[in-house]
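Take a look at the letters that make up each chain.
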Amino acid sequence: MNYPYQINSFDQYQSDYKRSVADPEGFWAGIAENFSWRRKWDKVLEWNFKDPRVEWFMGGKLNITENCLDRHLEKKGDVPAIIWEPNNPEEKSRTLTYSELHKEVCRFANVLKNNGVVKGDRVCIYMGMVPELSVALLACARIGAIHSVIFGGFSAQSIADRLQDARAEYIITCDGAFRGAKDIPLKAIIDDALVTCSFVKRVIVFERTKTPVSMIKGRDVWWLDEMKNAGDDCPAEEMDAEDLLFILYTSGSTGKPKGVVHTCAGYMIWAAYTFVNVFQYQPGDVHFCTADIGWITGHSYIVYGPLAAGATTMIFEGIPTYPDAGRFWEIVDKHNVNILYTAPTAIRSLMSYGTAPLENKNLSSLKTLGTVGEPINEEAWHWYDQHIGKGKCPIVDTWWQTETGGVLISNLAGVTPAKPGYATLPLPGVQPVLLDEKGQIIEGNDVSGNLCIRFPWPGILRTTYGDHERCRTTYFTAYENLYFTGDGCLRDADGFYRITGRVDDVLNVSGHRIGTAEVENAINMHSGVIESAVVGFPHEIKGQGIYAYVIFTGNLEGDLTRKDIAQTVTRIIGPIAKPDKIQFVTGLPKTRSGKIMRRILRKIAEGEMSQLGDTSTLLDPAVVEEIKKGKL
Ligand code: WTA
């Protein structure tokens, strides 16, 4: 037994689960004892899902960086905290031990202070996958600033929207980021975003790619110069358990992304507890999560979860197919990776290259495999199991969301049973329920419905930044007194859960959440577009692709116009939201009250022409025939 809170057997899982439901406060108080507190809590939990209001470990004081760094120094000072693998395999990898990481974080925390950042300020981070990205997050947390990381694939316009929503006056970025054969000019994109964000006071730039940048006098400073003038000593700010730790923007069914808010203590405990238990981490293991830190998976399972557990965590700068499709396997071999956590889309993509990229790669260090972000199809599951795990590594299929802070439903590696395509069973503290269309709870097994959670766990979101009402209406009004996930779900005869996908207007493209309304807004920005409707369709590699129906006026030039529209989406949101297919139409199927019938459009995009249902109530049924004929 390596962590006092590690679940070691299926029996223990079952008894812990029971206890977590019967006595949640006692259960989580016991777990929380394993962390370092400046002051213990007065009350473990107060909550209602009506307001909603959730507070864990009330009155407790702590700093998450003391848990992630300081407390490991004595015994693990020389243990690698971060192993960094660069985009280019010819470049040397870097290792930061816990002492080194601690020193860097303290120094950069002083840089932030020297530049005027104080507790409660929002700091936007827009960087590539370099160790300094983790340093930036932790330095914010050290001084009580609230970080908001924006994924490097978002456009200037998306950054500006988020900066304005969070009123972030400080930015940490890089000159550029290496990703495969590309060099993304991050600082130039920030400059474009800042045209409409004059409230930004300071931009700190880490040099990585030596891309030429314009440094604006009085606003922009270099990371390295600032580090030279900063001291190593930076005592951690004492934070309340419920003080904000970070904001992370995510897409929903409306056009505007929302800032999901996580707080210090509950998030930390959830990230660490789930990390240790789901992956069954053992001290000394090398954990490789391939996500980007710009998404929640990177926050929880590259940065906070592993570091809170004193683990060794990898940061990989590049992409799975650069310089070739053997890159992941080469990294596993080179760094003796024990745990590999990736997305089904990456597995499907690598699978398409066959097994040649696996030749001469020693994968025998692997003990545990994981997937996240979307349902995994059985073919990909078996390929992963057979060719990567060689049939001896448990695969954890981890279901969770930005809003949940960490994994809610998953098997625990080698400890609880796995089943291909199934996230299986809830973690202790998680109480899933399935609901039917009428809002009734569906009891028993071998049933499916909308997935809700009926009791708070420590890592649940607390609000959406600057708009609590939005949090309430998005998650807590669909079903009374329940957190609604937006996912559909099946519970099989054994009580195992299988997530079937979103039931709202959110797409999951290569494991990235994208709201159809957001894409429509972006398409509609094109001067020739009158109206558009966006739906998902099954895509072999991405899971879901983006299918756009567009009413266009003016000079329609086929593929050129398609490219123009795609370019517009790239400008407004970023390349991740670019439609895969654009079909020009003269009208959209609407009800008499003017509502677009997306169900029909979805069926057509999926190629299920015969299952359109009743179209007679449409304003103009003829348009459906036209759309069917023009399907791409
Ligand atoms: C989907 C990512 C099936 C789901 C951590 C959820 C999954 C959304 C799985 C959240 C899984 C995530 N099986 N579907 N194992 N994991 N999803 O916020 O639809 O980027 O609601 O968080 O991804 O995406 P998000």
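In the block above lies the structure referred to throughout.
Remember, predicted model here, so these are calculated numbers, not experimental data. (Residues numbered from 1 in each chain as written. Predicted model: local features only at pLDDT ≥ 70, side-chain atom pairs only at ≥ 80, totals over all residues. Heavy atoms only, no water.)

J.: Talk me through helix α1 (residues 10–22); I want residue IDs and the actual numbers.
T.: Residues spaced three or four apart along an α-helix face the same direction, because each turn holds 3.6 residues. With 13 residues, α1 should reach 18 Å at 1.5 Å per residue; the first-to-last C-alpha distance of 18 Å fits that figure. The complete set of buried residues in α1 reads Tyr13, Asp16, Tyr17 and Ser20. Down the axis of α1, the buried set is contained in an arc of 105 degrees. They therefore lie on one face. Exposed residues lying more than 90 degrees from the buried face of α1 are Asp11, Lys18 and Ala22. Among the structural elements, α2 (24–32) and β21 (432–435) are those in contact with the buried residues of α1. (Helix = DSSP H or I, 4+ residues; strand = E, 2+ residues; numbered from the N terminus. Expected span 1.5 Å × (residues − 1). Buried < 20%, exposed > 50% of the residue type's maximum accessible area, 1.4 Å probe, protein only. Arc of directions from axis to C-beta. Contact = heavy atoms within 4.5 Å.)

J.: Describe the pairing of strand β8 (residues 170–174), naming the residues involved and giving the relevant values.
T.: The buried fraction of β8 amounts to five of the five residues, a majority that puts the element mostly inside the structure. Side chains of β8 alternate between two faces, with Tyr170, Ile172 and Cys174 and Ile171 and Thr173 buried alike. Across four bridges, the pairing between strand β6 (residues 122–126) and β8 is parallel. Within the sheet, the bridge partner assigned to Cys124 lies in β8 and is Ile171. Pairing between β8 and strand β11 (residues 202–206): five bridges, direction parallel. The partner of Cys174 across the bridge, within β11, is Phe206. (Pairing = 2+ DSSP bridges.)

J.: Give me the side chain of Thr345: which residues, what numbers.
T.: Topologically, Thr345 is positioned in helix α13 (residues 344–351). Excluding residues that lie within four positions of it along the chain, Thr345 makes contacts with Glu374, Ser510, Gly511, Ile541 and Lys542.

J.: I'd like a description of the sheet that holds strand β23 (residues 447–453), backed by residues and values.
T.: A sheet is described by the order of its strands in space; here five strands give the open sequence β22-β21-β23-β25-β26, paired in antiparallel fashion. At either margin of the open sheet sits one strand with a lone partner, and together these are β22 (441–442) and β26 (497–502). Pairing of β23 with strand β25 (residues 483–491), which is carried by six bridges, proceeds in the antiparallel orientation. For Asn450, the partnering residue across the bridge sits in β25 and is Gly488.

J.: Lay out the state of the cysteines with the relevant residues and their values.
T.: Going through the model one piece at a time under the given rule, you end up with zero disulfides. Take Cys197: it sits in no disulfide, and the sulfur closest to it among the cysteines is that of Cys124, at 9.3 Å. (Disulfide = S-S within 2.5 Å.)

J.: Quick one: what's the story with the environment of Val286, residue by residue and with numbers?
T.: Inspection of the secondary structure puts Val286 in strand β16 (residues 286–289). Looking at Val286, the relative accessible area reads 9%, which means it is buried. Placed 46 residues apart in sequence, Val286 and Val332 show a C-alpha to C-alpha distance of 9.4 Å. If we ignore the near neighbours within four places in the chain, the residues touching Val286 are Ile83, Thr312, Met314, His335, Asn336, Val337, Asn338 and Ile339.

J.: Can you break down the site of the ligand residue by residue, with the values?
T.: If you check the shell around the ligand, you find 17 residues, and the closest are Asp397, Thr398, Thr402, Asp487 and Arg513. Here an oxygen atom of the ligand and a side-chain polar atom of Asn508 are 3.5 Å apart. Here an oxygen atom of the ligand sits 2.7 Å away from a polar atom, N or O, in the side chain of Arg513. Taking 530 Å² as the accessible area of the ligand by itself, protein coverage stands at 96%. (Near = heavy atom within 4 Å. Polar contact = N/O pair within 3.5 Å; in protein donor to acceptor, adjacent residues only side chain to side chain. Areas by Shrake-Rupley, 256 points an atom, 1.4 Å probe, with all protein chains shown as cover.)

J.: How would you explain the sheet that holds strand β5 (residues 94–97) if you had to name every residue and give the values?
T.: If you trace the seven strands from one edge of the open sheet to the other, you get β5-β4-β17-β16-β18-β19-β20, paired in mixed fashion. In the strand order of this sheet, the two ends are held by β5 and β20 (395–398), each with one partner. On average, each strand axis in the sheet is tilted by 20 degrees relative to the strand beside it, whichever way the strands run. Of the pairings in the sheet, the one linking strand β18 (residues 339–342) to strand β19 (residues 368–372) comprises four bridges and is parallel in character. The partner of Tyr341 across the bridge, within β19, is Gly370. Sheet strands touched by helix α5 (residues 98–114): β4 (80–85) and β5. Its angle to β5, the strand with the most contacts, is close to 85 degrees. (Axes fitted to C-alpha atoms, helices over the stretch in contact; angles between N-to-C directions.)

J.: Could you give an account of the pattern of salt bridges, with specific residues and numbers?
T.: Applying the stated rule across the entire model yields 40 salt bridges. Lys119 serves as the salt-bridge partner of Asp243, at 3.5 Å between the closest nitrogen and oxygen. Here Lys119 lies in the loop between α5 and β6 and Asp243 lies in the loop between β13 (239–240) and β14 (244–250), a separation of 124 residues in the sequence. For Lys119, a relative accessible area of 38% translates into the label partly exposed. A salt bridge links Lys201 to Glu169, with the shortest nitrogen-to-oxygen separation between them at 3.1 Å. Remark: Glu169 occurs in the loop between α7 (156–166) and β8 and Lys201 occurs in the loop between α8 (186–194) and β11; sequence separation between them is 32 residues. According to the relative accessible area criterion, Glu169 is partly exposed, its value standing at 24%. Salt bridges linked by common partners bring Glu85, Arg327, Glu330 and Lys334 together as one network. (Salt bridge = Lys/Arg side-chain N within 4 Å of Asp/Glu carboxyl O.)

J.: Could you give an account of the packing of aromatic side chains, with specific residues and numbers?
T.: Taken as a whole and assessed by the stated rule, the structure comprises 43 aromatic pairs. Measuring from ring centre to ring centre gives 6.0 Å for Phe328 and Trp329, while their planes differ by 85 degrees; the resulting arrangement is edge-to-face. Under the relative-accessibility criterion, Phe328 is labelled buried at 2%. Every member of this aromatic cluster is reached through a ring pair, and the members are Tyr3, Tyr5, Phe27, Trp28, Phe35, Trp270 and Tyr273. Geometry around Phe154 places Arg162 over its ring, the cationic atom sitting 4.4 Å from the centre. Positioned over the ring face of Phe537 is Lys581, at 4.6 Å from the centre of the ring. (Phe/Tyr/Trp six-rings, centres within 6.5 Å; stacked < 30°, edge-to-face > 60°. Lys NZ or Arg CZ within 6 Å of the ring centre and 35° of its normal.)

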